Amino acid sequence: MPKFRYRARDRFGSLLTGTVQAGGRMILAQNLKKLGYNVISISEPHPLEKSLDRWAQRIRGIPRQEVLVVTRQLGAMLGAGISILTALESCAEQTPIEKFRVILHQIINEIRAGRALSQSLAMHPKIFSNLFINLVQVGESTGRLDEALTRLSEIGTREQQLSAKVRSAFAYPIVLLLAGIAVVIFLLVRIIPQFSQIFLSSDVPLPLPTRMLLSLSGFLQTFWWLLLIAFAAGAVGLQKLWKTETGRYYINLSFLRLPIGGDLILKATIASLTRSLAILIRSGVPILQALKIVEQTLDNLVIVRVIQNVQVQITEGKKLTEPLAMSGFFPPMVIQMLSAGEDS
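Draft legend 1. Representation of the overall build of the protein. The helix and strand inventory of the protein stands at 16 helices and three strands. Expected size for 344 residues packed as a compact globule is a radius of gyration near 20 Å; at 27 Å, the protein overshoots this value by more than 25%. Its C-alpha atoms give the protein principal-axis dimensions of about 90 × 60 × 35 Å. For the protein, the share of sequence-separated contacts (at least 6 apart) that also reach a separation of at least 24 residues comes to 54%. Carbon and sulfur atoms make up 62% of the accessible area of the protein, which totals about 20500 Å². Charge separation in the protein, taken as the distance between the mean sites of 37 positive and 23 negative side-chain charges, equals 6 Å.

Here you go:
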């Protein structure tokens, strides 16, 4: 079957894009409308884009967007009364990612062998997070698997939107920084040497800043290779430091304390944490178990340690908000909202 690229909006107004296999444009449009989407456009990818996509699939893993699309489709089909096996088979046929199609068929075989969906998903931890698996397990135990999958697709979409906003917010200052460094290096290596002979041939004593600038220019021209070695050594050192728990902790802490962007990183992390915690508690997961699940989904080791301390404090009889407030990372508004939720 041919592949088609679609753009649509879900019931919350979020823009969805993807590439799926279908028997035709009309069939794809009907399938999307059955899932509750408002179709914006459907088009065939360019032949060159198809070739590049095949090569990209061999190199990269499974895109998060594709997992969200399948999750949303599963929730919609289960809500319509379609069996889990039929729904998974339909999703496997439609996904354009060969690796993901193989994994979905593996999940289908595991379910046919008697395993639950959550157990089958747990066999692929690189694709399905602990939060994903636990929410599916809760949905299975309560008989509301379709609602659990719909919630997962909603939270995943919001996470992607938040990540996109953070990346776009950092893109401009990073481009400016790199451009500034490139301009400074160009001035030191190409422009200043043209004036250095004029300055040195004159008998006028040069100010200290000018002498320092000329020395730096001469150093870069002669020992530029030392700069490359320093950059390479720094990159290797940071990589090794990142692999240690202590090093990763301090790198995460330094990012949170950046004068520009640190507050944005912290707010994005807290937003992700509270959103995941809310959906787990709403699904009936006990607070300690929900905190443990959320802890395993966080990438920032600083906030992970805060959540670990919160779990210890709760077992000792304290409220959730007390250790969060003492950590110094959570804004007062978040503490007040959580405190109101605890009291109610």
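Draft legend 2. Up close: the nonpolar core. Residues I107, F329 and F330 are the most contacted members of the largest nonpolar core, which totals 75 residues. With residues up to four places along the chain from it excluded, the contact list for F330 reads I270, L273, V306, L324 and I335. In terms of nonpolar packing, the next biggest core, distinct from the first, is built from five residues, L188, I192, L206 and L214 among them.

Draft legend 3. Expanded view of the pairing of strand 1 (residues 3–9). Judged by which residues are buried, strand 1 turns out to be one-sided: F4, Y6 and A8 face inward and are buried, whereas K3, R5, R7 and R9, on the alternate face, are not. Note: strand 1 against strand 3 (residues 38–43), five bridges, orientation antiparallel. Bridge pairing links R9 to N38 in strand 3.

Draft legend 4. Expanded view of the side chain of N252. In this fold, N252 is placed in helix 11 (residues 245–256). Accessibility expressed as a relative area gives 7% for N252, which makes it buried. Apart from residues no more than four positions distant in its own chain, N252 is found in contact with W242, D299, N300, L301 and V302.

Draft legend 5. Spatial organisation of the pattern of salt bridges. As enumerated under the stated definition, the model contains seven salt bridges in all. R112 is the partner of E89 in a salt bridge, and the nearest nitrogen-oxygen pair spans 2.3 Å. One end of the pair, E89, is in helix 4 (residues 84–94); the other, R112, is in helix 5 (residues 98–112), with 23 residues separating them in the sequence. A salt bridge links E295 to K292; the nearest nitrogen and oxygen atoms lie 3.8 Å apart. Here E295 pairs with K292, and both are found in helix 13 (residues 287–297), just three residues apart, close to one helical turn. Here K292 falls in the partly exposed class, since its relative accessible area comes to 40%.

Draft legend 6. Here's a closer look at the packing of aromatic side chains. Summed over the entire model, instances satisfying the criterion amount to four aromatic pairs. Where F219 meets F223, the ring centres are 5.4 Å apart and the plane angle is 35°; that geometry is what we call tilted. Among the residues examined, F223 registers a relative accessible area of 35% and is labelled partly exposed. Measuring from ring centre to ring centre gives 5.3 Å for Y249 and Y250, while their planes differ by 90°; the resulting arrangement is edge-to-face. On the accessibility criterion, Y249 (17% relative accessible area) is buried. Across from the ring centre of Y249, 4.3 Å away, lies the NZ or CZ of R305, which sits over that ring.

Draft legend 7. Representation of a nonpolar patch on the surface in the model. Together, L216, F219, F223, W224, W225, L226, L228 and I229 make up a nonpolar patch on the protein surface, roughly 770 Å² of accessible area in all. When contributions to the nonpolar patch are tallied by element, the ones reaching two or more residues are helix 9 (208–222) and helix 10 (224–243). For the nonpolar patch, the leading source of residues is helix 10, giving five residues. If you trace the backbone, W224 turns up in helix 10.

Draft legend 8. Helix 5, seen in detail. Between its terminal C-alpha atoms helix 5 stretches 21 Å, which fits the 21 Å expected from 15 residues at 1.5 Å a residue. Of the positions making up helix 5, those classed as buried are F100, R101, I103, L104, I107, I108 and I111. Buried residues of helix 5 fall within an arc of 165° about the axis and therefore sit on the same side. Of the residues trailing helix 5, G114 is marked for its positive phi of about 110°.

Draft legend 9. Geometry of the packing of helix 7 (residues 130–142) against helix 13. Between helix 7 and helix 13, whose axes approach to 8 Å, the crossing angle comes to 145°. Contacts between helix 7 and helix 13 involve N130, L131 and N134 from the first element and Q289, I293, Q296 and T297 from the second. Within the contact of helix 7 with helix 13, the residues separate by chemical class into two nonpolar, five polar and no charged.

Draft legend 10. Representation of the confidence of the model for the protein within the structure. When pLDDT is averaged across the protein, the result is 84; 94% of the residues are at 70 or more. For the protein, helix 2 (residues 47–59) is the element with the lowest average pLDDT, namely 52, and helix 14 (residues 301–315) is the one with the highest, namely 91.

Draft legend 11. Highlighting the side chain of E295. A relative accessible area of 10% places E295 in the buried class. At 3.0 Å, the side chain of E295 forms a polar contact with the side chain of Q308. The residues contacting E295, other than those within four sequence positions of it, are V304, I307, Q308 and Q311.

Cut-offs and rules
Residues numbered from 1 in each chain as written. Predicted model: local features only at pLDDT ≥ 70, side-chain atom pairs only at ≥ 80, totals over all residues. Heavy atoms only, no water. Helix = DSSP H or I, 4+ residues; strand = E, 2+ residues; numbered from the N terminus. Rg over C-alpha atoms; globule rule 2.2 N^0.38 Å. Contact = heavy atoms within 4.5 Å. Areas by Shrake-Rupley, 256 points an atom, 1.4 Å probe, with all protein chains shown as cover. Lys, Arg positive; Asp, Glu negative; His and termini not counted. Charge placed at Lys NZ, Arg CZ, Asp CG, Glu CD. Core = buried A, V, L, I, M, F, W, Y, C linked by side-chain atoms within 4.5 Å. Buried < 20%, exposed > 50% of the residue type's maximum accessible area, 1.4 Å probe, protein only. Pairing = 2+ DSSP bridges. Salt bridge = Lys/Arg side-chain N within 4 Å of Asp/Glu carboxyl O. Phe/Tyr/Trp six-rings, centres within 6.5 Å; stacked < 30°, edge-to-face > 60°. Lys NZ or Arg CZ within 6 Å of the ring centre and 35° of its normal. Patch = residues over 30% accessible without salt bridge, like charges linked within 9 Å, V, L, I, M, F, W, Y side chains within 5 Å. Expected span 1.5 Å × (residues − 1). Arc of directions from axis to C-beta. Axes fitted to C-alpha atoms, helices over the stretch in contact; angles between N-to-C directions. Nonpolar A, V, L, I, M, F, W, Y, C, P; charged D, E, K, R; others polar. pLDDT = per-residue confidence, 0-100. Polar contact = N/O pair within 3.5 Å; in protein donor to acceptor, adjacent residues only side chain to side chain.

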